[in-house]
Amino acid sequence: MNKLLSKFSPSRWLLMILAAAFVLRVAGILWGISFAPPVAQQMHPDEPKIFYAAMLFPEDVYSRTDLRYPTGLHYLAGLLSLPAKSAYQLDLLSGVAYTQIVFLLARSLSILSGVGAVYLSYSIARRLDGERAGLLAASFLTVSLYHVRHSALATTDVVNSFFMALVVWLLLSRPSWGAGRDQRPHWGNLAALGAALGLAIGTKYSAAVMAAPVVLVYARQAWSARSRLGQYALQLFAVALVMLLVFTLSTPGALLRPASLLESLLYESGRVDAGRAGLQIDKLLDMFTSQLNDVLGWPLTLLVVIGALGLLWPQNVRKYWPVWLPVLAYLLFFGSSMLLRYYISILPLLAVLAAYLPARGLARGSTIRPLVAMLLAVALLSSLSYTLRGLRIVLADTRTAAAYYFYEHVPPGATVGGPLFGNLPRSQWTLPHVDDTRYSVISNLEAPEYIILSSIHYDRIQALLATQGVRPEYVVSDDLAREHKLIPTPSPEVLRLHDQLLNGAEGSQYTLLEWFKPVDNVPIEFPPPVIRIYQRDAEQP
């Protein structure tokens, strides 16, 4: 085992880890994108927010009034895709090609950020505890399911994880905030720290928690060198000034429409207030552990918990504060309103904590080194298997499979039920793509030849139908509909048709033609739904 550990130099191990991180993250870049009919479709509810803003750049800068989300990634993707936009406007590119280029550029930014976050987790852990800790932290993040899966999506989570980790790395690089032997500040590194903080907040407002360790750095320095209080205050002011400048460049709406920004920040604060109210640490710890188990799988979750317990030693509290302080601030900010994808932003830091104890067990001369190496191999292989299962779900997506089936088996000109199901709207990303130039898309209540159902919608309707008293009139109260997260309240016609399709209720005119189920049940957010395709009976008008 010792020979295996020393077979390659640390730099070679790091290159192999980064290569593995890239392969795993780039594997899903074409998820939902097709270079042949049927045309690509949306697969995640957050991607269109970035995708459409990128396509509308730079006009979106002046027209955007919704600032609930910062626009750093949106406009960077838009800036990079400007040549493709010009080619499209000159009729040198088709609309489909332009759409695919924007999608691929936005996703590529996320993939590169994901690999960069792996490198930063290595650098942070290496600076704190040496080469072994760095390689372990990078390995853990490489095989983290949520970080891998979301790296191939045009969403802000992985990009935000890179910039949050970058802030921590810069804080651990003493010249970036202190003064050298000549007692003069390093203004370039101070600017880098401010820019990283501005970009972190410019991708997700919640990254403002990173201000806590930055302020603490200067508070500690000012306390230990009171005679230089003015100099440290000036440095902190410089960091804040660069941060505001970079944030404004990434989210120019903050400067153009400050009232909208304030309204957005109040919205974000109000959204998580319920989670912060009545804070009970024991319940939060139980929730976080359970959620981490879904995000990372149990082996890495166990290592994170053990690593966090290592902070009980006073010397580790002082040594690891740039890592644990932003993690703690982030978790307390969201409280019980924490969602699984929110963990992605702090996964590089959690990987550093997870590497703490195993790195000591692998130290030369340790009597348990072979045992620790074997247990780590099992943990990494288990996490890799968990991640590959999650990727398999994505790559064998039910919506894509249903779209191809529909294109190949349904004749052109057929009437198909569209996204609007009576008075209930259905999101495009929840359904397989239907080419409205090939098929006649009509209301699902107008007896189309084909109706497509997605479990993202019909599961809630099926639960409502199981409620006592709904049948046979199919009239429900608004309160009952809200309880089942159905807004607006579904009309009796909508409920009746669903009952006929799903349960074979009296009067059904349709037969289930084909259905598509996910290939696994790994608990990923927004998993591929079950898709059902119904065909109207031939004898029906």
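Residues numbered from 1 in each chain as written. Predicted model: local features only at pLDDT ≥ 70, side-chain atom pairs only at ≥ 80, totals over all residues. Heavy atoms only, no water.

1. Quick look at the side chain of arginine 64
So, step 1. In this fold, arginine 64 is placed in the loop between α4 (59–63) and α5 (72–80).
So, step 2. Arginine 64 gets classed as buried once you look at its relative accessible area, which sits at 15%.
So, step 3. Polar contacts involving the side chain of arginine 64 include one to the side chain of aspartate 60, which spans 2.8 Å.
So, step 4. Apart from the residues within four sequence positions on either side, arginine 64 is in contact with Lys49, Ala53, Thr71, His74, Tyr75 and Arg257. (Helix = DSSP H or I, 4+ residues; strand = E, 2+ residues; numbered from the N terminus. Buried < 20%, exposed > 50% of the residue type's maximum accessible area, 1.4 Å probe, protein only. Polar contact = N/O pair within 3.5 Å; in protein donor to acceptor, adjacent residues only side chain to side chain. Contact = heavy atoms within 4.5 Å.)

2. Examining the pattern of salt bridges
So, step 1. Inspection of the entire model under this criterion finds 15 salt bridges.
So, step 2. Between arginine 107 and glutamate 47 there is a salt bridge, and its shortest N-O distance comes to 2.9 Å. Taken together, the positions of arginine 107 in helix α7 (residues 95–129) and glutamate 47 in helix α3 (residues 47–55) put the pair 60 residues apart, joining distant regions of the chain.
So, step 3. With a shortest N-O distance of 2.9 Å, arginine 126 and glutamate 131 are connected by a salt bridge.
So, step 4. Take arginine 126: its relative accessible area is 43%, and that puts it in the partly exposed class. (Salt bridge = Lys/Arg side-chain N within 4 Å of Asp/Glu carboxyl O.)

3. Some points on the packing of aromatic side chains
So, step 1. Under the criterion given, the structure shown has 16 aromatic pairs.
So, step 2. Between the aromatic rings of tyrosine 119 and tyrosine 122, the centroid separation amounts to 5.9 Å while the plane-to-plane angle is 40 degrees, which identifies the pairing as tilted. One end of the pair, tyrosine 119, and the other, tyrosine 122, are both in helix α7, 3 residues apart, so they sit about a helical turn from each other.
So, step 3. Accessibility expressed as a relative area gives 40% for tyrosine 119, which makes it partly exposed.
So, step 4. Judged by its relative accessible area of 8%, tyrosine 122 is buried.
So, step 5. Ring geometry for phenylalanine 333 and phenylalanine 334: centres 4.9 Å apart, planes at 85 degrees, overall edge-to-face.
So, step 6. Judged by its relative accessible area of 24%, phenylalanine 333 is partly exposed.
So, step 7. What makes phenylalanine 334 buried here is its relative accessible area of 1%.
So, step 8. An aromatic cluster is defined as three or more aromatic residues linked by ring pairs; in this entry it consists of Tyr330, Phe333, Phe334 and Tyr342. (Phe/Tyr/Trp six-rings, centres within 6.5 Å; stacked < 30°, edge-to-face > 60°.)

4. Details of the environment of serine 121
So, step 1. The residue serine 121 is located in helix α7 in this model.
So, step 2. Here serine 121 falls in the buried class, since its relative accessible area comes to 0%.
So, step 3. When near neighbours in sequence (up to four residues on either side) are disregarded, serine 121 contacts Ala137, Ala138, Leu141, Pro348 and Val352.
So, step 4. Within polar-contact distance, the side chain of serine 121 engages the backbone oxygen of valine 118 at 2.6 Å.

5. Quick look at the pairing of strand β5 (residues 531–536)
So, step 1. Across 5 bridges, strand β3 (residues 450–454) lies against β5 in antiparallel orientation. Bridged to leucine 453 within β5 is arginine 532.
So, step 2. Across 6 bridges, the pairing between strand β4 (residues 510–516) and β5 is antiparallel. Bridge pairing in β5 links glutamate 514 to isoleucine 533. (Pairing = 2+ DSSP bridges.)

6. Comments concerning the packing of helix α17 (residues 298–309) against helix α21 (residues 369–395)
When two helices pack together, their arrangement is given by the angle between the helix axes and by the axis-to-axis distance.
So, step 1. Between α17 and α21, the least distance of the axes is 8 Å, while the angle of their chain directions is 125 degrees. On the basis of their axis angle, the class for α17 and α21 is oblique. Of α21, the residues touching α17 (which contributes Pro299, Leu300 and Leu303) are Leu376, Ala379, Ser382 and Ser383.
So, step 2. Grouping the constituent residues of the contact of α17 with α21 by class yields 5 nonpolar, 2 polar and no charged. (Axes fitted to C-alpha atoms, helices over the stretch in contact; angles between N-to-C directions. Parallel < 35°, antiparallel > 145°, perpendicular 65-115°, else oblique. Nonpolar A, V, L, I, M, F, W, Y, C, P; charged D, E, K, R; others polar.)

7. Overview of the side chain of threonine 71
So, step 1. For threonine 71, the location among the structural elements is in the loop between α4 and α5.
So, step 2. A polar atom in the side chain of threonine 71 sits 2.8 Å from the backbone oxygen of serine 250.

8. A word on helix α2 (residues 10–26)
So, step 1. End to end, α2 covers 24 Å across 17 residues, agreeing with the expected 24 Å (1.5 Å per residue, within 8%).
So, step 2. Structurally, α2 contributes buried residues whose contacts are with α7, α8 (131–142), α9 (145–151) and α21. (Expected span 1.5 Å × (residues − 1).)

9. Notes on the layout of surface pockets
So, step 1. Approximately 680 Å³ is the volume found for the second largest pocket.
So, step 2. The wall of the second largest pocket is formed by 22 residues, among which Leu285, Ala308, Val327, Leu328 and Leu331 lie closest to the centre.
So, step 3. For the lining of the second largest pocket, the residue count by class is 21 nonpolar, 1 polar and no charged. (1 Å grid on protein atoms, 1.4 Å probe; cavity = no way out; pocket = protein on both sides within 12 Å on 5 of 7 lines; lining within 4 Å. Points joined across faces, edges and corners; volume = space filled by probe spheres on them.)

10. Some details on a nonpolar patch on the surface
So, step 1. A cluster of nonpolar side chains, Ile368, Leu371, Met374, Leu375 and Val378, forms an exposed patch at the surface whose accessible area comes to about 460 Å².
So, step 2. Look at methionine 374 and you get partly exposed, because its relative accessible area is 45%. (Patch = residues over 30% accessible without salt bridge, like charges linked within 9 Å, V, L, I, M, F, W, Y side chains within 5 Å. Areas by Shrake-Rupley, 256 points an atom, 1.4 Å probe, with all protein chains shown as cover.)

11. Regarding the packing of α5 against α7
So, step 1. Closest axis-to-axis distance for the α5/α7 pair is 9 Å, and the angle between their directions is 125 degrees. Looking at the two axes, α5 sits oblique to α7. In this structure, α5 meets α7 at a crossing whose hand is right-handed. Between α5 and α7, the residues in contact are Leu73, Leu76, Ala77 and Leu80 and Leu105, Ala106 and Leu109, respectively.
So, step 2. Residue classes in the contact of α5 with α7 are distributed as 7 nonpolar, no polar and no charged. (Left-handed = near helix turned anticlockwise from the far one by under 90°.)

12. Points about unusual backbone geometry
So, step 1. Of note, the bond from phenylalanine 57 into proline 58 is cis; its omega dihedral lies within 30 degrees of zero at 5 degrees.
So, step 2. You can see proline 58 is positioned in the loop between α3 and α4.
So, step 3. Put simply, arginine 471 and proline 472 share a cis peptide bond, and its omega is 5 degrees.
So, step 4. Tracing the chain through its elements places proline 472 in the loop between α23 (455–465) and α24 (478–483).
So, step 5. The phi torsion at aspartate 91 lies on the positive side, around 65 degrees, for a residue other than glycine.
So, step 6. The class of aspartate 91 is exposed, set by a relative accessible area of 70%.
So, step 7. For alanine 447, which is not glycine, the phi torsion reads 55 degrees and is therefore positive.

13. Quick word on the confidence of the model for the protein
So, step 1. When pLDDT is averaged across the protein, the result is 87; 91% of the residues are at 70 or more.
So, step 2. Note on residues 175–182: pLDDT under 50 across the span, and 22 contacts to partners over four residues away in sequence or across chains. (pLDDT = per-residue confidence, 0-100.)

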